[in-house]
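Coordinate inspection notes
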Amino acid sequence: MSQRTADRTHRLVSGPAGRIHLVEQGSGPLVLLVHGFPESWYSWRHQLPALAAAGYRAVAMDVRGYGRSSRPPAVAGYRMLDLVEDAVAVVEALGEPSAAVVGHDWGATIAANCALVRPEVFRAVGLLSVPYVPRGGPRPSEVFGRLGGGEEEFYVSYFQEPGRAEAEVEPDVRGWLAGFYAALSADTMPAPSAPDPHFVSRGGTLRDRFPVGRLPGWLGEDDLDVYAGEFERTGLSGALNRYRNMDRDWEDLAAFDGAPITQPSLFVGGGQDASTTWLADAISAFPVTLPGLVGSHVLDGCGHWIQQERPEEVNRLLTDWLASLPS
């Protein structure tokens, strides 16, 4: 099933959990774009036409649990290996033998695991905002549970209990999303001296620390309407269930402990993004963990929503990288 809007085609294809919604533009080698939390295919709206103009078949999917893609009821239906197989299903449904995969936020981790687990399908991998961190170390819930020093709770731990974060978000999805996007955007994020929005005070909510009353420059009211409309329809559980599978992923991916990704790769991070600063050691380790790295870039003055905050720079980096790949 497909529906054409302007130069974009919306399509539903079959995946392991049911349907996968995707939006495609252009023709040429396939580039699969995978979004993060809490977004949708729409976070790639600036990249789809740019990649199409550069001679690529650009495809942005709604990850399982988001938008018009299927939402399995079980929490365990959102483990990483299932999301990898969803991406494989998209490539196969489009009749392509392989793809370059590019992800942002959770999408970057999905993209990295696509390249790691199914290298015969994914010939190259681009990572935005979240660097590759090989599987290893203690169980993730133990690591995140130690953060905050007892007075605060790290947001990943806060998201673990089904229904808890939903109770905060779903009464006012639009307002919550506006605050969350603003909290991690370079032009609206809290000052370094303010309470960190990645943590929750005991007995409080994430929203307590969000900026109020100002949208980041990259997010118009119409854009916010798109994001809010999707989550008002679907709820947040499908999206949050990704966080609730981190221990399962740690178990499922044991065979890949410490494994490098050898395909040609690209990393682009934001200089004011906590994902870049907290994971600086992972970036420093790229010569070992990403031996096929073509380029690593940190954009000064940029926050977490990198392909929306700096679309022209990201588009240039992506198209230059893609043009360097073996045909």
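Calculation rules
- Residues numbered from 1 in each chain as written.
- Predicted model: local features only at pLDDT ≥ 70, side-chain atom pairs only at ≥ 80, totals over all residues.
- Heavy atoms only, no water.
- Axes fitted to C-alpha atoms, helices over the stretch in contact; angles between N-to-C directions.
- Helix = DSSP H or I, 4+ residues; strand = E, 2+ residues; numbered from the N terminus.
- Parallel < 35°, antiparallel > 145°, perpendicular 65-115°, else oblique.
- Contact = heavy atoms within 4.5 Å.
- Nonpolar A, V, L, I, M, F, W, Y, C, P; charged D, E, K, R; others polar.
- Expected span 1.5 Å × (residues − 1).
- Buried < 20%, exposed > 50% of the residue type's maximum accessible area, 1.4 Å probe, protein only.
- Phe/Tyr/Trp six-rings, centres within 6.5 Å; stacked < 30°, edge-to-face > 60°.
- Salt bridge = Lys/Arg side-chain N within 4 Å of Asp/Glu carboxyl O.

Taken N-terminus to C-terminus, the directions of helix H2 (residues 80–93) and helix H3 (residues 106–117) make an angle of 80°; their axes are 9 Å apart at the nearest point. Classified by the angle their axes make, H2 and H3 are roughly perpendicular. Here H2 contributes Met 80, Leu 81, Leu 83, Val 84 and Ala 87 to the contact with H3, which in turn contributes Trp 106, Thr 109, Ile 110, Asn 113, Cys 114 and Val 117. Looking at the contact of H2 with H3 residue by residue, the class counts come to nine nonpolar, two polar and no charged.

All right, on to H2 then. Over its 14 residues, H2 extends 20 Å from the first C-alpha to the last, a length consistent with the 20 Å expected when each residue adds 1.5 Å. Here H2 has its buried residues at Met 80, Leu 83, Val 84, Asp 86, Ala 87, Val 88, Ala 89, Val 90 and Val 91. Downstream of H2 by one or two residues, Gly 95 has phi in the positive range, about 75°.

A separate point is the packing of aromatic side chains. Per the counting criterion, the structure on display carries 24 aromatic pairs. Ring plane angle 80° and centroid distance 5.6 Å describe the contact between Tyr 42 and Tyr 227, whose orientation is recorded as edge-to-face. A residue pair is termed long-range when its members are at least 10 positions apart, and Tyr 42 in the loop between strand E4 (30–34) and helix H1 (47–53) and Tyr 227 in helix H8 (residues 221–234) qualify at 185 residues. Taken as a pair, Tyr 42 and Tyr 227 share a single burial class, namely buried. Seen in terms of ring centroids, Phe 180 and Phe 210 are 5.9 Å apart; in terms of plane orientation they differ by 70°. Their pairing is edge-to-face. Of this pair, Phe 180 sits in helix H7 (residues 173–183) while Phe 210 sits in the loop between strand E9 (199–201) and H8, and the two are 30 residues apart along the sequence. For Phe 210, a relative accessible area of 7% puts it in the buried group.

A complete count under the given rule lists 20 salt bridges for this structure. For the salt bridge of Arg 64 with Asp 86, the shortest nitrogen-to-oxygen distance reads 2.8 Å. One end of the pair, Arg 64, is in the loop between strand E5 (57–61) and H2; the other, Asp 86, is in helix H2, and 22 residues separate them in sequence. Neither residue differs from the other here; Arg 64 and Asp 86 are each classed as buried. Here Arg 164 makes a salt bridge to Glu 153, at a shortest N to O gap of 2.8 Å. Of the two residues, Arg 164 sits in helix H6 (residues 164–169) while Glu 153 sits in strand E8 (residues 152–154), which places them eleven residues apart along the sequence. Taking the relative accessible area as the measure of exposure, Glu 153 reaches 13% and is therefore buried.

Here Phe 37 and Pro 38 are connected by a cis peptide whose omega angle stands at -15°. Position of Pro 38 relative to the elements: it lies in the loop between E4 and H1. In the Ramachandran plot, Asp 105 falls in the positive-phi region, its phi being about 60° despite a non-glycine side chain. Using a relative accessible area of 11% as the deciding quantity, one classes Asp 105 as buried. For Ser 129, which is not glycine, the phi torsion reads 75° and is therefore positive. Here Ser 129 lies in the loop between strand E7 (122–128) and helix H4 (140–145). For Ser 129, a relative accessible area of 0% puts it in the buried group.

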